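# Summary of the model geometry
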Amino acid sequence: MHGRFGKVCARGGGAFDCYLVAPETETAVAAIVLACAIHGVDADMIAIAEELAAYGFIAAVPDLFWRSIAGPLSRNDPRAAQRAQPRLAQIKAGEEDMIDTLRHLGTIPQFNGQAAVMGFCYGGPYAILGPKRLGYAAGICCHGSQMLDYLDELVGVRRQVCLIWGDKDDRAPIEVLEAYRDAAMRMDNVDVHILPDVRHGFMMRGSPSFDRAAYDFSMRRAREILEGLTSAGR
């Protein structure tokens, strides 16, 4: 299943690219918005979106870097890391893009009004911010980075949040994993999975850290959450 790039109008002015793929169905289904890593909307992100759409869900991947250096960048391009700084300010600016993307999904006839956000690396915090205040019904985080800065954002979140790391992730040291494990023990709506012998970037097929078993596990959890949102929207 293949999608296409289109423009999403930003409420503050301008427009940004968004890769969108939707299943051919007359049944209303849930959607998932993928919050990309610093490499942008590249082949890895598109492949994940297309796989989720093949399972019967709407998938969208907005370009969160359109304000600076738009488009995908290769793994050896130093501009990828540069455009993600200052990190907290960039994540904050991208909140508007996630809201605008969700609003754009409302123009798709198959959309049932329920959407999850799935964040990767740089985009990981949106798995919490999305259900916290951006209008999303659930959040999924795969090898999220800078996550200790967003731990307190879990306070008051009532919707489902799923966080997945590998125990060999150099962007998620032990204090991060322990902090989120503790949060999951206190919150019934938060689940944390720490996968053994898995490194940072395990979802990205173009990365040397790609891990098929970890990838399949994460996609299965995403499907389970989306199936629940599809049922909830009926």
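Above this text you will find the structure in question.
One structure accompanies this document, and this report is about it.

What counts, and at which threshold
- Residues numbered from 1 in each chain as written.
- Predicted model: local features only at pLDDT ≥ 70, side-chain atom pairs only at ≥ 80, totals over all residues.
- Heavy atoms only, no water.
- Helix = DSSP H or I, 4+ residues; strand = E, 2+ residues; numbered from the N terminus.
- Contact = heavy atoms within 4.5 Å.
- Axes fitted to C-alpha atoms, helices over the stretch in contact; angles between N-to-C directions.
- Parallel < 35°, antiparallel > 145°, perpendicular 65-115°, else oblique.
- Left-handed = near helix turned anticlockwise from the far one by under 90°.
- Nonpolar A, V, L, I, M, F, W, Y, C, P; charged D, E, K, R; others polar.
- Pairing = 2+ DSSP bridges.
- Right-handed = clockwise from strand over helix to strand, strands pointing away.

### So, the side chain of Thr101
Note on placement: Thr101 falls in helix α3 (residues 87–105). Once you skip the residues sitting within four places of it in the chain, Thr101 turns out to touch Val8, Phe16, Cys18, Val33, Ala60, Pro62 and Tyr136.

### Let's talk about the packing of α3 against helix α4 (residues 126–134)
Running from N to C, α3 and α4 point in directions that differ by 60 degrees, and their axes come no closer than 11 Å. Comparing the axis directions of α3 and α4 gives the class oblique. Considering how the two elements wind past one another, α3 and α4 form a crossing that is right-handed. Here Gln90, Ile91, Lys92, Gly94, Glu95, Met98, Ile99 and Leu102 of α3 come into contact with α4, specifically with Tyr126, Leu129, Arg133 and Leu134. Here the residues of the contact of α3 with α4 sort into 7 nonpolar, 2 polar and 3 charged.

### Re the pairing of strand β8 (residues 190–199)
Across 7 bridges, strand β7 (residues 160–168) lies against β8 in parallel orientation. The partner of Ile164 across the bridge, within β8, is His193. In this fold, β7 hands off to helix α5 (residues 174–186), which returns the chain to β8; that crossover is right-handed.

### Some thoughts on unusual backbone geometry
Between Gln85 and Pro86 the backbone carries a cis peptide bond, its omega angle lying at -10 degrees. The residue Pro86 is located in the loop between α2 (79–83) and α3 in this model. Its identity is not glycine, yet His143 carries a phi of approximately 40 degrees, on the positive side. Looking at the element boundaries, His143 is found in the loop between β6 (138–142) and β7. Although it is not a glycine, Gln146 adopts a positive phi angle of roughly 65 degrees. Within the secondary structure layout, Gln146 lies in the loop between β6 and β7.

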